[in-house]
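Understanding the architecture of this molecule
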Amino acid sequence: QVQLVESGGGLVQAGDSLTLSCVGSGRTFSRYTLGWFRQAPGKERVFVAGIKGIGDSILVADPVKGRFTISRDNAKNTMWLQMSSLKPEDTATYYCAYQTSGMDLYTNAAYLAGWGQGTQVTVSS
């Protein structure tokens, strides 16, 4: 129902910062819960951070808590993931995704309704 396009990935060194953007379409964007997931080679796609469509409640995964910040601006149909103090273990393909229920925030990728194409983040040591 919603088209998502993420961007902003790249090659950085440990300790650096990077901001990812996710731009969506559709009138229901503002009511959807949005989230960021990441997937490293040979690993499962795991939850990074999410923000509800109703109430803007935020959940951040423990490995990135204190370093990553999620935000959204519904007027711009945009969500961001601000990453700081990046570590080599943050290296992964990062995906934005949505849930049609703004009341829910799922950490299991299987519950997400749609995905962007992904953007690669590589952190060198």
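Residues numbered from 1 in each chain as written. Predicted model: local features only at pLDDT ≥ 70, side-chain atom pairs only at ≥ 80, totals over all residues. Heavy atoms only, no water.

**A word on the overall build of the protein**
Scanning the protein from terminus to terminus reveals zero helices and 11 strands. Across the protein, helices and strands are ordered from the amino to the carboxyl terminus as β-β-β-β-β-β-β-β-β-β-β. Computed over C-alpha atoms, the radius of gyration of the protein comes to 13 Å, within 12% of the 14 Å expected from 2.2 N^0.38 for 125 residues, which places it in the range of a compact globule. For the protein, the C-alpha atoms occupy an extent of roughly 40 × 25 × 25 Å along the three principal directions. Buried positions account for 45% of the 125 residues belonging to the protein. Restricting to contacts in the protein with at least 6 residues of sequence separation, those with at least 24 account for 60%. By element, 48% of the accessible surface of the protein is carried by carbon and sulfur atoms, the whole surface being about 6300 Å². Averaging the positions of the 11 positive and the 9 negative side-chain charges in the protein gives two centres separated by 4 Å. (Helix = DSSP H or I, 4+ residues; strand = E, 2+ residues; numbered from the N terminus. Rg over C-alpha atoms; globule rule 2.2 N^0.38 Å. Buried < 20%, exposed > 50% of the residue type's maximum accessible area, 1.4 Å probe, protein only. Contact = heavy atoms within 4.5 Å. Areas by Shrake-Rupley, 256 points an atom, 1.4 Å probe, with all protein chains shown as cover. Lys, Arg positive; Asp, Glu negative; His and termini not counted. Charge placed at Lys NZ, Arg CZ, Asp CG, Glu CD.)

**Brief notes about the nonpolar core**
Counting 34 residues, the largest nonpolar core has Trp36, Leu81, Met83 and Tyr94 as its most contacted members. Elements with a minimum of two residues in this core: β3 (18-24), β4 (33-39), β5 (46-51), β7 (68-73), β8 (78-83), β9 (92-99) and β11 (119-124). A per-element tally of this core places β9 first, with five residues. Each residue touching Tyr94, except ones within four places of it in the same chain, is listed here: Glu6, Leu20, Trp36, Phe37, Arg38, Val48, Phe68, Leu81, Met83, Gly118, Thr119 and Val121. (Core = buried A, V, L, I, M, F, W, Y, C linked by side-chain atoms within 4.5 Å.)

**With respect to empty space enclosed by the protein**
Evaluation of the coordinates by the stated rule reveals one cavity of 30 Å³ or more. For the largest cavity, the calculated volume is near 30 Å³. Lining the largest cavity are Thr33, Leu34, Gly35, Phe37, Phe47, Gly50, Gln99, Leu105, Tyr106 and Leu112. Ranked by the residues each element gives to the lining of the largest cavity, the list is headed by β4, at four residues. Within the lining of the largest cavity, the residues separate by chemical class into six nonpolar, four polar and no charged. (1 Å grid on protein atoms, 1.4 Å probe; cavity = no way out; pocket = protein on both sides within 12 Å on 5 of 7 lines; lining within 4 Å. Points joined across faces, edges and corners; volume = space filled by probe spheres on them. Nonpolar A, V, L, I, M, F, W, Y, C, P; charged D, E, K, R; others polar.)

**What to know about the state of the cysteines**
Counted according to the given criterion, the structure contains one disulfide. With its sulfur 2.2 Å from that of its partner, Cys22 forms a disulfide with Cys96. With the S-S bond torsion at 65 degrees, the cross-link from Cys22 to Cys96 turns out right-handed. Here the residue Cys22 occupies a position in strand β3, and Cys96 occupies one in strand β9, the gap between them amounting to 74 residues. Here Cys22 and Cys96 have matching classes, each one buried. (Disulfide = S-S within 2.5 Å.)

**A short note on the sheet that holds β7**
Pairing between sheet strands relies on hydrogen bonds along the backbone, with the strands arranged either parallel or antiparallel. Reading across the sheet, the four strands line up as β1-β3-β8-β7 and stay open at both edges, with antiparallel pairing between neighbours. Whereas interior strands pair on both sides, the edge strands pair on one side only; in this sheet they are β1 (4-7) and β7. The mean inter-strand angle of the sheet, taken between neighbouring strand axes irrespective of direction, is 15 degrees. Two elements, β3 and β8, share six bridges in a ladder whose sense is antiparallel. Each residue of the ladder has a partner; that of Val23, found in β8, is Thr78. (Pairing = 2+ DSSP bridges. Axes fitted to C-alpha atoms, helices over the stretch in contact; angles between N-to-C directions.)

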